[in-house]
Amino acid sequence: MHPLSIAVLVLGLSACSPRFNWREVRLDSSGLVALLPCKPDRGSRTLPIAPTAPTALITSTAPTELVLHMVACETQGALFAVSFTELKSPEQVLPTLAQWRLATLSQLRAQISSAQALGVKGAIPLPQTELLLAQGVRADGSAVQAQLLWFASGTRIFHAVVYSDKVKPEVTQTFFAGLQLQ
């Protein structure tokens, strides 16, 4: 076999490595399709979120907690997760995205090192839709890097994240590019 053919074959096989077994995953009734590198678990949890504005400025319908529906999987030392929740009205979208972002970054004790605009196919184009790279601390006190993204479609809001000791752009790029609303 020609050496170039062998090199192409090796590269092709490594791209299909079982380490990252990419698959399309639908998030329940959200309309979101995500590309995950491993078989995900599904679940729900409640996330308390603190208001980011004085109480007098928050409407009585603003949520103080979110019921999140999520899919997540872990491979090669990285945790990939996508979650969403449904709000009661479009007026809640921007303040709730801000509150969710603040709650997540506070829990991580995160320091943002970069932010870049990133559109998600089918999402509302919002200036808040930024891909953040942050350094933080896990619950056990160990350091963690995270790439995080929040976005919206109608009254549904979403959060996609990768947590790892060291975020690998070649992997996270595939994950975030695979997010699309249908």
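Anything mentioned here points back to the structure above.
About the thresholds
Residues numbered from 1 in each chain as written. Predicted model: local features only at pLDDT ≥ 70, side-chain atom pairs only at ≥ 80, totals over all residues. Heavy atoms only, no water. 1 Å grid on protein atoms, 1.4 Å probe; cavity = no way out; pocket = protein on both sides within 12 Å on 5 of 7 lines; lining within 4 Å. Points joined across faces, edges and corners; volume = space filled by probe spheres on them. Helix = DSSP H or I, 4+ residues; strand = E, 2+ residues; numbered from the N terminus. Nonpolar A, V, L, I, M, F, W, Y, C, P; charged D, E, K, R; others polar. Contact = heavy atoms within 4.5 Å. Salt bridge = Lys/Arg side-chain N within 4 Å of Asp/Glu carboxyl O. Pairing = 2+ DSSP bridges. Buried < 20%, exposed > 50% of the residue type's maximum accessible area, 1.4 Å probe, protein only. Axes fitted to C-alpha atoms, helices over the stretch in contact; angles between N-to-C directions.

Caption draft 1: Looking closely at empty space enclosed by the protein. Counting across every chain of the model gives one cavity of 30 Å³ or more. Estimated volume of the largest cavity: approximately 70 Å³. Surrounding the largest cavity, F20, T75, Q76, A78, F80, V162, S164, K166, V167, K168, V171 and T172 form its lining. Elements with a minimum of two residues in the lining of the largest cavity: β5 (78-86), β9 (156-164) and α3 (169-177). Residue composition of the lining of the largest cavity, by class: six nonpolar, four polar and two charged.

Caption draft 2: Representation of the environment of V71 in the model. With respect to the helices and strands, the residue V71 is situated in strand β4 (residues 65-75). Along the chain, V71 and D41 lie 30 residues apart, while their C-alpha atoms are 5.6 Å from each other. Leaving out residues up to four positions away in the same chain, V71 has contacts with V25, L27, L36, P40, D41, R42, F80, A81 and V82.

Caption draft 3: The pattern of salt bridges, seen in detail. Enumeration over the complete set of coordinates arrives at four salt bridges. As a salt-bridge pair, R156 and E86 come within 2.7 Å of each other at their nearest N and O atoms. Of this pair, R156 sits in strand β9 while E86 sits in strand β5; the two residues are 70 residues apart in sequence, bridging distant segments of the chain. Here D165 ties to R138 by a salt bridge, and the two come within 3.0 Å at their closest N and O atoms. Here R138 lies in the loop between β7 (130-137) and β8 (143-153) and D165 lies in the loop between β9 and α3, a separation of 27 residues in the sequence.

Caption draft 4: Representation of the sheet that holds strand β2 (residues 32-36) within the structure. Taking strand neighbours across the sheet as the criterion, the three strands line up as β1-β2-β10 in an open arrangement whose pairing is antiparallel. Two strands bound the open sheet, and with one partner strand each, they are β1 (23-26) and β10 (180-181). Two strands pair when backbone bridges link them, and β2 and β10 are joined in this way by two bridges, in the antiparallel orientation. Among the inter-strand pairings, L32 is bridged to a residue of β10, identified as L181.

Caption draft 5: Seen up close, the pairing of β2. Burial of β2 is extensive: four of the five residues sit out of reach of the surface. Summarising the sheet, β1 and β2 pair through four bridges and their orientation is antiparallel. Opposite V25, over in β2, you have A34 as the bridge partner. Where β1 folds back on β2, the antiparallel hairpin that results is connected by five residues, among which D28 adopts a positive phi of roughly 40°.

Caption draft 6: Highlighting the sheet that holds β9. Taken in spatial order, the seven strands of this open sheet run β3-β4-β5-β9-β8-β7-β6, and their pairing is antiparallel. Both outer strands of the open sheet, β3 (41-48) and β6 (111-117), are each paired with one neighbouring strand and no more. Averaged over all neighbouring strand pairs, the angle between strand axes comes to 25°, with direction disregarded. Here β6 pairs with β7 via six bridges, running antiparallel. Residue pairing across strands places A115 opposite L132, the latter belonging to β7. On the sheet, helix α2 (residues 93-108) packs against β3, β4, β5, β6, β7, β8 and β9 and is oriented at approximately 170° with respect to β8. Of the strands in this sheet, β5, β7, β8 and β9 touch α3, which is tilted by about 165° from β9.

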